[in-house]
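Architecture and fold: a report
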Amino acid sequence: MASSPLKRFLEKHKRLRTALLIVVLFGASMVIGDGVLTPAISVLSAVSGLQEANNKLTNGELVLLACVILVGLFALQHCGTHKVAFMFAPIVIIWLVSILSIGLYNIVHWNPKIVHALSPHYIIKFFNHTGKEGWISLGGVLLSITGTEAMFADLGHFTALSIRLAFALVIYPCLVVQYMGQAAFLSINPKSIPNSFYDSIPDKLFWPLCIIATLAAIVGSQAVITATFSIVKQCHALGCFPRVKVVHTSKHIYGQIYIPEINWILMILTLAVTVGFQDTTLIGNAYGLACMTVMFVTTFLMALVIIFVWQKSVILAVLFLLFFGFIEGVYLSAALMKVPLGGWAPLVLSAIFMFIMYIWHYGTRKKYNFDLHNKVSLKWLLGLGPSLGIVRVPGIGLIYSELATGVPAIFSHFVTNLPAFHKVLVFVCVKSVPVPYVSPEERFLIGRVCPRPYRMYRCIVRYGYKDIQRDDGDFENMLIQSIAEFIQMEAVEQPQFSSSESSSLDGRMAVMSTRPVQSSLSLIVSEQDFLSIDDSIQNSRSLTLQSLQSAYDDDNLHIRRRHVRFQLPSNPGMDPAVREELMDLIQAKEAGAAYIMGHSYVKARRTSSFLKKLAIDIGYSFLRKNCRGPAVALNIPHISLIEVGMIYYV
């Protein structure tokens, strides 16, 4: 393949990969900065029409009104887009029809010859007459195309085809006609340049247009805010953003999410920009630079997608990059001239977010590498019983780790301090893979860690970066079902591995579909919609557990829970060893599950450089302490959680 030499070249040079990561994080940070600037300029521009209608309004009063609207906009985000989205389509359609009508009116009324401006000839003529000033003016011209850079970040709401059709057939023609109408108006009324849009509206239509413009600004801001949530969630899934709470706000539309922490941070920053600048021109300079930077970075990364993902030739990617990169580079160079006049704002915002994301990614990778180089060997695990007198207690132990193979160091730390673990052990690894979605049939990978008598398994749960990890309380049942199916499948297809003492056991995985519990071929199930307190207490093994379970149920009576019981089918032809293993699995499930996680403290080694100590001991530690814990992010019930403290010297 043509891309192989370039791929090998990137894999060989670590600094190039780091530079590429920084470019990606910079682009993502600019999108977040766009989420700050878009509401500010949209709402402030929309309400500026009130000053045109009422000259008594001061700039301060106008900014105060914009801030009130912005606070209301961000305060309603927790309701979810789906609860107010029924108003979005009518508002946008009315807005587009309105600007199309006003544009046509201005063209016909003021200067019908303006349609000649569609000819590319006038582009050359414009630059011949204006020279450097014309080039600098491109920084303002690009504001007419802003918003397009964030459209496809919001694919959770719409399909790619619907966005393309809406933009090409509706939005783009309406915008072109509106801008031509303003040009026709200004050709006769050049003194109205500072406020050309509202001046070009007939007096009788001013107030309706002012109201619909404000509503359209809110809708546009809402779309960019939701797109920012989507970008942050995807960065988090790929290990480049601290853990945040992701709320799925719609049961029907899969991609609609809400992130409280990001919402309030965006609100504070948007209010700061609005109050700090108080001028749409300055905010427009910042907004234009942010949008153009996102477009330029996207074009660069698209060239890499053409090579590595689509497997096309390098020549095609270079031609694509040169054509679109040149056009966007001209606009970006003009936008950079506005850095002293407000353009510094998105650079500062993106630098802050990029620093946060890079520090988090750096610390996470260092922690993972520590786990990778300090994992426990299978030989040590097989010798646990005789050396330490390990006791196997009833129940299932779910040990969470980032390792896809091997035994994590936290497990050895756990058993050396408390020489007992559960009769059935499952090493669970939750992975985010670089694809948008993972189908439920391919979500679970099941394998063995030790030979059959040890009852130790590994489960890799895979999610795409757009997948939502729902808190439906059914994870344990799906896990038991998948392990049961794996046990029967292995006995039929790979009988030599189930009893082998070879270390090659760990790493052999099979994809097990997470079908509904009722469809399991390995087990018979019975369900109860509610698990009563008396039943749960009766199943507990000790008075202490009974009191804890009773107190937990008293506090959570409002939560609807489903209790699933597994039974073995009456199959005389089943292998006795398989039946015994399945019975152990069912009994362990009935005894209860415990979730074992590492409570890690990451510190830099004494011999580390000053920058590394600064990044790990201060930056990464601060982010870990102030973001959501891994147990909360993975929806692990606190009553069943066991945390093992451990210090990582990276």
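Conventions and cut-offs
- Residues numbered from 1 in each chain as written.
- Predicted model: local features only at pLDDT ≥ 70, side-chain atom pairs only at ≥ 80, totals over all residues.
- Heavy atoms only, no water.
- UniProt positions renumbered as here; feature names shortened; annotations may be inferred.
- Helix = DSSP H or I, 4+ residues; strand = E, 2+ residues; numbered from the N terminus.
- Buried < 20%, exposed > 50% of the residue type's maximum accessible area, 1.4 Å probe, protein only.
- Contact = heavy atoms within 4.5 Å.
- 1 Å grid on protein atoms, 1.4 Å probe; cavity = no way out; pocket = protein on both sides within 12 Å on 5 of 7 lines; lining within 4 Å.
- Points joined across faces, edges and corners; volume = space filled by probe spheres on them.
- Phe/Tyr/Trp six-rings, centres within 6.5 Å; stacked < 30°, edge-to-face > 60°.
- pLDDT = per-residue confidence, 0-100.
- Salt bridge = Lys/Arg side-chain N within 4 Å of Asp/Glu carboxyl O.
- Pairing = 2+ DSSP bridges.
- Axes fitted to C-alpha atoms, helices over the stretch in contact; angles between N-to-C directions.
- Patch = residues over 30% accessible without salt bridge, like charges linked within 9 Å, V, L, I, M, F, W, Y side chains within 5 Å.
- Areas by Shrake-Rupley, 256 points an atom, 1.4 Å probe, with all protein chains shown as cover.
- Parallel < 35°, antiparallel > 145°, perpendicular 65-115°, else oblique.
- Nonpolar A, V, L, I, M, F, W, Y, C, P; charged D, E, K, R; others polar.
- Expected span 1.5 Å × (residues − 1).
- Left-handed = near helix turned anticlockwise from the far one by under 90°.

Looking up the protein in an unreviewed UniProt entry gives the name Potassium transporter, with the organism given as Populus trichocarpa. Listed in UniProt under the heading Sequence similarities (unreviewed entry), the comment for the protein reads: "Belongs to the HAK/KUP transporter (TC 2.A.72.3) family."

Considering the overall build of the protein
Scanning the protein from N- to C-terminus turns up 24 helices and 11 strands. Every one of the 650 residues in the protein was classed for burial, and the buried ones make up 45%. Of the contacts made within the protein by residues no fewer than 6 positions apart, 80% connect residues no fewer than 24 positions apart.

Overview of empty space enclosed by the protein
For the structure on display, the rule yields two cavities of 30 Å³ or more. The computed volume of the second largest cavity comes to approximately 40 Å³. Taken together, Ile 396, Leu 398, Glu 476, Leu 479, Ile 480, Lys 589 and Ala 593 form the lining of the second largest cavity. For the lining of the second largest cavity, the elements supplying multiple residues, two or more each, are strand E3 (391-400) and helix H18 (475-493). The greatest single-element share of the lining of the second largest cavity, amounting to three residues, is contributed by H18.

Quick look at the packing of aromatic side chains
Applying the stated rule across the entire model yields 17 aromatic pairs. Ring centres of Tyr 358 and Tyr 362 lie 6.4 Å apart, and the angle between their planes is 15°; on these two criteria the pair is classed as stacked. You can see Tyr 358 and its partner Tyr 362 sitting in helix H14 (residues 344-373), four residues apart, about one turn around the helix.

Things to note about the confidence of the model for the protein
Residues with a pLDDT of 70 or more make up 82% of the protein, whose mean pLDDT is 81. The spread of mean pLDDT over the elements of the protein runs between helix H20 (residues 533-539), the lowest at 41, and helix H11 (residues 260-277), the highest at 93. A low-confidence stretch, residues 515-521 (pLDDT under 50), is modelled with 17 contacts involving residues beyond four sequence positions or located in other chains. Below a pLDDT of 50 lies the segment residues 529-541, which in the model reaches 22 contacts outside its immediate sequence neighbourhood of four places, other chains included.

Let's talk about the pattern of salt bridges
Tallied over the full model, the rule gives six salt bridges. Among the salt bridges present, the one from Glu 490 reaches Arg 448, with a minimum N-O distance of 2.6 Å. Placement of Glu 490 in helix H18 and of Arg 448 in strand E5 (residues 444-448) is noted, with a sequence separation of 42 residues between them. We classify Glu 490 as buried; its relative accessible area is 2%. Here Arg 452 makes a salt bridge to Glu 581, at a shortest N to O gap of 3.1 Å. Pair noted here: Arg 452 is in the loop between E5 and strand E6 (456-464) and Glu 581 is in helix H22 (residues 576-591), with a separation of 129 residues, a long-range link. No difference in accessibility class separates Arg 452 from Glu 581, as the two residues are buried.

A few points about the sheet that holds E6
Sheet architecture is open: seven strands sit in the order E7-E5-E6-E4-E3-E10-E11, paired in mixed fashion. Either end of the sheet is taken by a strand with one partner, and the two such strands are strand E7 (509-512) and strand E11 (641-649). Here the strands of the sheet are splayed against their neighbours by 25° on average, with no regard to which way each runs. Taken together, the four bridges between E3 and strand E10 (residues 593-603) define a ladder with parallel strand orientation. Its bridge partner lying in E10, Ile 399 is registered against Ile 596. Across the sheet, H18 is in contact with E3, strand E4 (420-433), E5, E6, E7 and E10; its angle to E5 comes to roughly 55°.

A closer look at a nonpolar patch on the surface
Side chains of Ile 123, Ile 124, Phe 126 and Phe 127 sit close together on the surface and give an oily, nonpolar patch of about 370 Å² of accessible area. Looking at the element boundaries, Ile 124 is found in helix H6 (residues 121-130).

Let's talk about the packing of helix H12 (residues 280-308) against H14
Closest axis-to-axis distance for the H12/H14 pair is 7 Å, and the angle between their directions is 55°. Classified by the interaxial angle, the pair formed by H12 and H14 is oblique. Together, Ala 286, Leu 289 and Ala 290 of H12 and Ala 345, Pro 346 and Leu 347 of H14 make up the contact between the two elements. When grouped by side-chain class, the residues that make up the contact of H12 with H14 number six nonpolar, no polar and no charged.

Remarks on H22
Counted at 1.5 Å a residue, the expected span for H22 with its 16 residues is 22 Å, and the 22 Å between its end C-alpha atoms agrees. Here H22 has its buried residues at Val 578, Glu 581, Leu 582, Asp 584, Leu 585, Ile 586, Ala 588 and Lys 589.

So, the packing of H11 against H14
It is the contact of H11 with H14, at a shortest axis distance of 12 Å, that shows an interaxial angle of 155°. In this view, H11 runs roughly antiparallel relative to H14, as classed from their interaxial angle. In the packing of H11 onto H14, the handedness of the crossing is right-handed. Two secondary-structure elements touch here, H11 through Ile 265, Leu 269 and Phe 277 and H14 through Trp 344, Ala 345, Leu 349 and Phe 353. The residue inventory of the contact of H11 with H14, partitioned by class, reads seven nonpolar, no polar and no charged.

A word on the pairing of E5
Counting buried positions over the five residues of E5 gives five, a clear majority of the element. Side chains Phe 444, Ile 446 and Arg 448 project from E5 onto one buried face, and the interleaved Leu 445 and Gly 447 project onto a second face that is buried too. As defined by bridge partners, E5 adjoins E6 across five bridges and the pair is classed as antiparallel. Counted as the bridge partner of Leu 445 is Ile 460 from E6.

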